[in-house]
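# What the coordinates show
Chain by chain, the residues:
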Amino acid sequence: MTWIPLSGGALALAEILYAVTEAADVLTAANDDDALTDTGDDDDTDEQPPAWVGMQALYDYVITGDPRAGRQVRAALPGNPRLRADLTRLLERSAAWMLPRMAAASSGAIERRQGRDCALVLRPSRAESAQVYVTIALERPDGDLPTALMAVPRDGTVERRDLRFDRDGTAQFIVDRDGPLHQALLDPFTDIYLA
Amino acid sequence: MNGKMSPQAGWPDAALRQVFHTVADATANGRRKFSDDTMRDVARRVVCRSYGPMLLELAHLVRAAALGGRRRLTYEWLFWGSGPGVPSAYAAAFTRATLSTQLIERDVSEVRLKYPGHAFAISYGRMPVLGALMEVLSEALGYAAVNDIVIPVCHANVDADTVVEVANALSRAFYDYLKDRLAAPTEQSQFRSLTAFLAARSDNSADGLLDDDAVFGFWRANCHDDSAGFRTFDNVCAAFNRLIETVEAAGRVTALEGAHTLGGDAEAGEIDPDRFKAEVMEECFAAMDDVRGRASTDEDGPPLAVLAAPPADAVKFLTDSEMRLLDVVYRDTTLAERLPLSALRRAMFGALQRRLTAAVKRAATADERAALIDGEPGEDYAGRLDALMRLAGQAGDRARASLHVLAMAGMDEAMALLLALAPDIDLTPLHGHNVADSDDSTVHDGVAEAALARFLSAPQDPTVVGAVIAAVVTDAHRRRRSVRRDGFGENAPADAHAAGGPRMVAVARDTETFVRRAKSAVPDAAARFAADRAAFAETFRSLYLAGATP
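The following refers to the structure shown.

## Quick notes on the overall build of chain A
Along the backbone of chain A there are five helices and nine strands. Listed by position from the N terminus, the elements making up chain A come as β-α-α-α-α-β-β-β-β-β-β-β-α-β. Contacts in chain A between residues far apart in sequence, at least 24 positions, make up 58% of those at least 6 positions apart. If you sum the accessible surface of chain A, you get close to 9,300 Å²; carbon and sulfur atoms cover 48% of it.

This is the structure:
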């Protein structure tokens, strides 16, 4: 019969070593806990929202507009104040221009919003009543122009739209009158970032 | 992972596990951002709270990123905008960055931060683990909270003290986060129950022995306690496999003498990991890796896993029943190597216990269960070892068959397989003189290339490759013809054989080694089996017949 000698010191040290390696293995083991499982792993639009959205996905959505990351973030935002705080911070740090929520005196829908060095105007389409023109004008465009508009309404959602600015600092696009982005832009309590 | 016990419920807690899973699942450029090794490294440091030095490095890395010339997202661009968490990606990111050379320098291997009277270098190789730690911190504390802490190092004029203050602030915040989530390792009751059993078995003396009797005795003493997780001999073997790995790693650590005095209350057996020196832990980890690495017989991964995966799985190198037979060799390799009798017991009586468990689940009668327990075994230890030796021989035959496939296909891998099968074979006929005599590597490579071409041009022709090599390949051809299974015929997939052939050499070698060890450990195999059968049957009766409906 074979045997392995044991010393008391080795056992004591082994207890620590075992404990930390066991815990490290638990932390890095394959995730087989249903409650922790991220079910979204492809572009299936029917994917379930993940239980947790990481910082990389948040960055990918805000900075590069990655659509899959966007679905994950948008699905996870409601009821997740930590994620919302992180989103807000990332937007504040990445956006060169901001159109903050309006003063408390504002009431009802707004069709023009003025930020520092920029303005946003909503104008109904004459040709198609279901559509609205959104025009953004930068007063002193310099350096890197924004590539996206991010609207963060008070309901905990987020809307994103890619932008393409002219050399004079103007960007224009059309939204559906009843769409979530238009509704968000009308809401005086929506924070708008140009990142 | 070999022999892992079930994790203690709630330790580490679910939120912390989620943090690590989120970071581990993060993707960049369509692939997992951080490697398993990187994640394991960070997890270990977090669990044993030896992340302090890393946080200082991380604070410096944030500073380095902030010197990358970005007006916005001053440091985030490096951690989340530079692609996969690999050294080359970080190197490329710094290469693209516009750096102020007054404050930071870069070269092919590192960046060097310049502070008044001080400098700090961070290699690109170090950055993946720091990037993963940043991601763990951001998931645990929140990006906004981490941002608040690290912003001071992003300002224009920063001295080294500021970086240290930021690192300390990160450490405090992370410590607060972890304090309720990482219980003391002393709560690892499963492991402690093993060590306590061993200590008691050696009359509480400082030293003792870990042997097959300890494994079996522990199972008999604990199998009736459903809450302990040791009901099956299978689980006990897995636990002891881990114990052996851990004890051997601990035994290699030079600082062993002080190990048992590290705790806050050593007399009570309390061990406080916070007081455990990080450098000792690093030695432990290195030793653990070494022990586990030794247990792994193939640097490309366990042979059975390679054989079961593409491209090797295009060939039926092993049947399912052969795979199951090899379980005794490859499952929990440390146990198989050090306590082969326990591995054999597990292979035979552990399998019987699994059938009994299934019988209980289907509400089999007591008579049916008793028939399983007392039924005539199909084979004993000697029979099982004989079967393994036959399989080792067949594995060798199939490896030789692969050699013929590769040689006929003109694949370079044929030469490596030839040398694996016949390590001492004389290659002189392939190049006319002994290349080992030459110290010039260029000459050596050129000659080796010519020898390979010569070998592949006519591998069975003795006038080209010499009589010995030709005989080996001819024998391989004969063995190939005798293998009657998919993948060895005329259209044999060469890439599958290139992957699988060397693993079959390993299977043959590892199996023979196990059988040799087992025969040495159990010289009286017949008597041992009879005694074990009676002892296991007695315990099985107490586990599975008490209270069962006749």
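## Structural notes on the pairing of strand 8 (residues 170-176) of chain A
All names here are of chain A. Residues A171, F173 and V175 point to one face of strand 8 and are all buried, whereas T170, Q172, I174 and D176, pointing to the other face, are not buried. In the sheet, strand 5 (residues 131-138) pairs with strand 8 via seven bridges, with the strands oriented antiparallel. Residue I136 lies in a different strand from strand 8, and its bridge partner there is A171.

## Details of the packing of aromatic side chains
All names here are of chain B. Summed over the entire model, instances satisfying the criterion amount to 24 aromatic pairs over all chains. With a centroid separation of 5.8 Å and 70° between ring planes, the pair formed by W219 and F540 is classed as edge-to-face. Taken together, the residues span a long stretch of sequence, with W219 in helix 10 (residues 212-222) and F540 in helix 26 (residues 525-544) at a distance of 321 residues. Residue classification places W219 among the buried positions, given a relative accessible area of 0%. Among the aromatic residues, those joined into a ring-pair cluster are F216, W219, F233, F349, Y381, F529, F536, F540 and Y544. Positioned above the aromatic ring of F216 is the side chain of R345, whose terminal nitrogen or guanidinium carbon lies 5.2 Å from the ring centre.

## Focus on the nonpolar core
The tendency in soluble globular proteins is for nonpolar side chains to be buried side by side. Counting residues in each nonpolar core, the largest one holds 98 residues, and the members touching the most others are B:W219, B:F240, B:L326, B:L388, B:F455, B:F514 and B:F540. Among the elements that line this core, the one with the most residues is helix 25 (residues 494-521) of chain B, at twelve residues. Among residues more than four places away in sequence, those in contact with B:F240 are B:L194, B:L198, B:L210, B:A214, B:V215, B:F218 and B:L335. In this structure, A:M150, B:W77, B:F174 and B:L182 belong to the second largest nonpolar core, which totals 90 residues.

## A short note on the packing of helix 3 (residues 52-66) of chain B against helix 8 (residues 160-179) of chain B
Residue and element names in this part refer to chain B. The contact between helix 3 and helix 8 brings their axes to 8 Å, and the two run at 125°. In terms of orientation, helix 3 and helix 8 fall into the oblique class. As for how helix 3 packs across helix 8, the hand of that crossing is right-handed. Between helix 3, through L55, L56, A59 and H60, and helix 8, the contact on the second element is made entirely by V163, V164, V166, A167, L170 and S171. Here the contact of helix 3 with helix 8 is built from residues that sort into eight nonpolar, two polar and no charged.

## Let's talk about the pattern of salt bridges
Residue and element names in this part refer to chain B. This model, assessed by the stated rule, comprises 35 salt bridges over all chains. In this structure, the salt-bridge partner of D234 is R346, at a minimum N-O distance of 3.0 Å. One end of the pair, D234, is in helix 11 (residues 233-252); the other, R346, is in helix 17 (residues 340-361), and 112 residues separate them in sequence. Each member of the pair, D234 as well as R346, is classed as buried. Between E379 and R384 there is a salt bridge, and its shortest N-O distance comes to 2.4 Å. The class for E379 is partly exposed, based on a relative accessible area of 28%.

## Concerning the pairing of strand 4 (residues 118-124) of chain A
Residue and element names in this part refer to chain A. Of the strand pairs in this sheet, strand 3 (residues 112-115) and strand 4 are connected by four bridges, and their pairing is antiparallel. Within the sheet, the bridge partner assigned to R112 lies in strand 4 and is V121. Connecting strand 3 to the next strand, strand 4, in antiparallel fashion are two residues, including D117 with a positive phi near 70°. Note: strand 4 against strand 5, seven bridges, orientation antiparallel. Note on strand 5: the bridge partner recorded for C118 is L138. Between strand 4 and strand 5, which pair antiparallel in sequence order, lie six residues.

Definitions and limits used
- Residues numbered from 1 in each chain as written.
- Chains lettered and ligands numbered in written order.
- Predicted model: local features only at pLDDT ≥ 70, side-chain atom pairs only at ≥ 80, totals over all residues.
- Heavy atoms only, no water.
- Helix = DSSP H or I, 4+ residues; strand = E, 2+ residues; numbered from the N terminus.
- Contact = heavy atoms within 4.5 Å.
- Areas by Shrake-Rupley, 256 points an atom, 1.4 Å probe, with all protein chains shown as cover.
- Buried < 20%, exposed > 50% of the residue type's maximum accessible area, 1.4 Å probe, protein only.
- Pairing = 2+ DSSP bridges.
- Phe/Tyr/Trp six-rings, centres within 6.5 Å; stacked < 30°, edge-to-face > 60°.
- Lys NZ or Arg CZ within 6 Å of the ring centre and 35° of its normal.
- Core = buried A, V, L, I, M, F, W, Y, C linked by side-chain atoms within 4.5 Å.
- Axes fitted to C-alpha atoms, helices over the stretch in contact; angles between N-to-C directions.
- Parallel < 35°, antiparallel > 145°, perpendicular 65-115°, else oblique.
- Left-handed = near helix turned anticlockwise from the far one by under 90°.
- Nonpolar A, V, L, I, M, F, W, Y, C, P; charged D, E, K, R; others polar.
- Salt bridge = Lys/Arg side-chain N within 4 Å of Asp/Glu carboxyl O.

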